[in-house]
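So the chains spell out like this:
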Amino acid sequence: MPAVATGTDLREQILALKKERNAVILAHNYQIGEIQDIADYVGDSLGLAYRASETDADVIAFCGVHFMAETAKIVNPDKTVILPDKDAGCSLEESCPAPDLEAFLKENQDKNYYVIAYINCSAGVKALCDCICTSGNAVKIVEAAPADRPILFVPDQNLGEWVMQQTGRKMDLWQGSCYVHVEFTRDSIQKIKDEYPDAAVVAHPECTTAVRLLADEVCSTEKMITFCRDSPAKNIIVITESGMLHRLQKEAPDKNLIAGPTDRCNCADCKFMKMNTLQKLHDCLLNLSPEVTMEETIRQQAEAPLQRMLELSR
Ligand code: 13P
Ligand code: SF4
């Protein structure tokens, strides 16, 4: 019978491979705890994009979903970018295929849209846009858009609505959504608020307006950390994907963090984020596969709006 690696062995093997490959491990806040704990950096999409663009490692082992790893390759093309599970996608990315956006823009050429894409989209979609944004900088990016052009915001209608409310700028919205965040409902959140009447509430902007209205703060996953640390409340209801709780428990250990429930479940898992495991991280470092690659013309076209975003949010 082959020897089975224990958790500690596997961790040690990953660290040895990381050294051998001169790799950096970047992980999103929604990754499983074991991956967050072994990563060199854990953060939101914006922080991860900066880290990926700045690293001098030869290999970026990206523990997140495909569009995030693709972003790393776009901004740092000389690196080998690997993703533990190549099928780790995103419902927002799926909701906006590049050919559909291209056809829409052709049909509406007369509108001369300034196109802003939420980073949760494919390289092909990024290549068709003027500027990219994340949940952490969307308000700033929309405020910096030319005042004399209509904005088309793709693909997240909920983030788009929130940004419209924050900026007062009208935008045309692509009708995509995150299948995880739309599961939270007004009822499911009101119930938990009734259980903890003194709790502060923080929500991700991918939630619907009805849910966001029940929150004290709406922000990116990284900004949730500052909110929880600084809040005078002991009990905090966190309305986002479940992985966030692991990071928050480490960063704000004195708080009682309560996962926002959906109508069906006490917390919400993103099936794509949860595809990555320690074993798959080990295997991808060993085999340098699955590797994220793309056509160089698409990469260059996608790089311009991404760099615009990185410059605007420095
Ligand atoms: P953040 O950039 O806020 O971490 O959000 C990424 C994401 O996929 C949320 O569902
Ligand atoms: Fe995409 Fe939603 Fe998963 Fe984030 S939580 S990666 S938006 S499906």
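Overview of the structure. As a convention, each chain's residues are numbered from 1 in the sequence order in which they are written. Chains and ligands are labelled by the order in which they are written, letters from A for the one and numbers from 1 for the other. Whole-chain, interface and lining totals are the exception, using all residues; otherwise, since this is a predicted model, local features are given only for residues with pLDDT of at least 70 and side-chain atom pairs are given and counted only at 80 or more. Side-chain calculation: all heavy atoms of the structure are included, whereas hydrogens and water are not.

## Section: unusual backbone geometry
Move 1: Here the bond from V154 into P155 is cis, since omega is -15°, no more than 30 degrees from zero.
Move 2: In this structure, P290 follows S289 across a cis peptide bond, with omega equal to 0°.
Move 3: Per the convention used, a helix needs a DSSP run of H or I reaching at least four residues, while a strand needs a run of E reaching at least two, with both numbered from the N terminus. Here P290 lies in the loop between α14 (278-287) and α15 (296-312).
Move 4: Positioned with a positive phi, N22 is a non-glycine residue whose angle comes to about 50°.
Move 5: Tracing the backbone shows N22 in the loop between α1 (7-21) and β1 (23-28).

## Describing the packing of helix α3 (residues 45-54) against helix α4 (residues 66-75)
Move 1: Angles shown run from 0 to 180 degrees and are taken between the N-to-C directions of axes, each axis being a line fitted to C-alpha atoms and, for helices, limited to the stretch in contact. As a packed pair, α3 and α4 sit with axes 8 Å apart at the nearest point and diverge in direction by 35°. Where α3 crosses over α4, the handedness of that crossing is right-handed. Only M68, T71, A72 and V75 of α4 make contact with α3, whose side of the interface consists of S45, A49, A52 and S53.
Move 2: In the scheme used here, Gly and all other residues not listed as nonpolar or charged are polar, with Ala, Val, Leu, Ile, Met, Phe, Trp, Tyr, Cys and Pro taken as nonpolar and Asp, Glu, Lys and Arg as charged. Grouping the amino acids of the contact of α3 with α4 by side-chain chemistry returns five nonpolar, three polar and no charged. For any helix crossing, the convention is left-handed if the near helix is rotated counterclockwise from the far helix by under a right angle, and right-handed if that rotation is clockwise. The criterion used for residue contact is that any of the two residues' heavy atoms lie within 4.5 Å.

## Focus on the nonpolar core
Side chains of a nonpolar character, in soluble globular proteins, are inclined to be buried together.
Move 1: Remark: nonpolar core denotes a set of buried residues (Ala, Val, Leu, Ile, Met, Phe, Trp, Tyr, Cys) joined through side-chain atoms within 4.5 Å. Burial classes follow relative accessibility: with a 1.4 Å probe on protein chains only, a residue under 20% of its type's maximum area counts as buried, one over 50% as exposed, and anything between as partly exposed. The biggest cluster of nonpolar side chains holds 97 residues, and the ones touching the most others in it are F62, L101, I116, V125, V238, I239 and M309.
Move 2: For this core, the element with the most residues is α4, which contributes six residues.
Move 3: Leaving out residues up to four positions away in the same chain, M309 has contacts with L46, I119, C131, I132, C133, T134, N137 and I141.
Move 4: Grouped together as the second largest cluster of nonpolar side chains are 18 residues, I14, I35, I38 and I82 included.

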